[in-house]
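Residues per chain are reported as follows:
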Amino acid sequence: MRIHTDLDNLNFRNPAVTMGAFDGIHLGHQKIINRVIEKSKELNGESVIITFYPHPKVFLNPQDPFKTILTHLDKIDRFYHHKIDHLVVLNFNEELSQMSGEDYVENILVKKIKMAHLVMGHDHCFGNNKLCSIDKINVLGEKYNFTTEQVGAQTINNQVISSSIIRDRLSTGNIEEANKFLGYNYFVFGRVVHGNQIGKTIGFPTANIEIKKPHKKLPCNGVYIVKINWNGNIYNGICNLGIRPTIRKSKFTFEVHIFDFHRDIYQDYLTVSFIDRIRDEKRFNSLEALKQQLSVDKKVALEYFQSHPEI
């Protein structure tokens, strides 16, 4: 996959194109991406995905605490996974936000991308005037010599999959359903930083994960079953998201206890994939009571992994 951040001097071959914020790259997005790849092969052309940075909602409402399922780098990683030919990243700025749908099609898709075929999602709209009509897009296609198709919504149990639904499931800790809609396990990528070492003193050493991206959507506070990728090696574990109410003067932390792991990994990067939620965060009267609960949490996680060997 080649990444393009400049619209000048592009030279795609018969490009089949789709575009959007693609937050989460969930099963609905994947259905569209797969169709773009399929159509590019039919045209003996190339698959082109257009996305935006920053996310339009982040740009348009900088004071709004809007959270994205994937960071920009997460999203690029997922696009690599789908083996598209080209990813075009447009800087979402004031000029782009004021562009009409018709101007967007003419000035970007036609003149810059030289699009041969457009694949639209069921709810996709262009520009600040919300150009959504497939009939109007077809008229533009006749004018500028490209073809268009619209992909229907992807559903599970009659629920239309959307990024907003997945954010809601993360907010309530329903990791199992969020993962089902994503088509992969929700994950967080971050660096291991020094903590207060309390976990080590009670036999549960933790890796404290630094989250630098303020717009990254995290699940609600609580204890979770997770898998950890460190340097390509996969480990089982549990994690706690929250303020650690048992510890006085504690701030929000993201702590991971990796099973059967005894390495110094400070400043290393981990990918933590969320599998299921165990419980809410609780305040305990003593560190000993916390230790006993963590032993129970670990037992729950070990039993889960034993009964789900495919995870």
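Scroll up a little and you will see the structure.
Colleague: Report on the overall build of the chain, specifying residues and quantitative values.
Modeller: Helix and strand content of the chain: ten helices and 14 strands. The burial tally for the chain puts 50% of its 311 residues in the buried class. Within the chain, counting contacts between residues at least 6 apart in sequence, those at least 24 apart form 73% of the total. As displayed, the chain has an accessible area near 16000 Å², and 47% of this comes from carbon and sulfur atoms. Considering the chain, the positive charge centre built from 39 side chains and the negative charge centre built from 34 side chains are found 5 Å apart.

Colleague: Residue-level account of the pattern of salt bridges, with values.
Modeller: Where charged atoms of side chains with opposite charge meet at close range, the side chains can pair. A complete count under the given rule lists 14 salt bridges for this structure. Note that Arg169 and Asp168 form a salt bridge whose closest N and O atoms lie 2.7 Å from each other. Measuring nitrogen to oxygen at the nearest pair gives 2.5 Å for the salt bridge that ties Arg169 to Glu177. Salt bridges linked by common partners bring Arg35, Glu38, Lys39, Glu42 and Glu149 together as one network.

Colleague: Go over unusual backbone geometry, please, and point to the residues and values.
Modeller: Backbone torsion omega between Tyr53 and Pro54 reads 0 degrees, so that peptide bond is classified as cis. Structurally, Pro54 can be placed in the loop between β3 (47-53) and α2 (56-60). A positive phi angle, near 60 degrees, is found at Asn9, a position not held by glycine. You can see Asn9 is positioned in the loop between β1 (2-4) and β2 (16-19). You can call Asn9 exposed: its relative accessible area is 78%. Phi is positive for Asn158, close to 65 degrees, though the residue is something other than glycine.

Colleague: Can you lay out the sheet that holds β1 for me, pointing to particular residues and giving the numbers?
Modeller: The strands making up a sheet are joined through hydrogen bonds of the backbone, oriented either antiparallel or parallel. In spatial order, the strands read β1-β4-β3-β2-β5-β6; together these six strands make up an open sheet with parallel pairing. Since the sheet does not close on itself, it has two edges, and those belong to β1 and β6 (147-150), each with one partner. If you compare each strand with its neighbour and ignore which way they point, the axes differ by 25 degrees on average. Strand direction decides the pairing type here: β1 and strand β4 (residues 86-91), joined by three bridges, are parallel. Across the sheet, residue Arg2 finds its bridge partner in β4, namely His86.

Rules behind the numbers
Residues numbered from 1 in each chain as written. Predicted model: local features only at pLDDT ≥ 70, side-chain atom pairs only at ≥ 80, totals over all residues. Heavy atoms only, no water. Helix = DSSP H or I, 4+ residues; strand = E, 2+ residues; numbered from the N terminus. Buried < 20%, exposed > 50% of the residue type's maximum accessible area, 1.4 Å probe, protein only. Contact = heavy atoms within 4.5 Å. Areas by Shrake-Rupley, 256 points an atom, 1.4 Å probe, with all protein chains shown as cover. Lys, Arg positive; Asp, Glu negative; His and termini not counted. Charge placed at Lys NZ, Arg CZ, Asp CG, Glu CD. Salt bridge = Lys/Arg side-chain N within 4 Å of Asp/Glu carboxyl O. Pairing = 2+ DSSP bridges. Axes fitted to C-alpha atoms, helices over the stretch in contact; angles between N-to-C directions.

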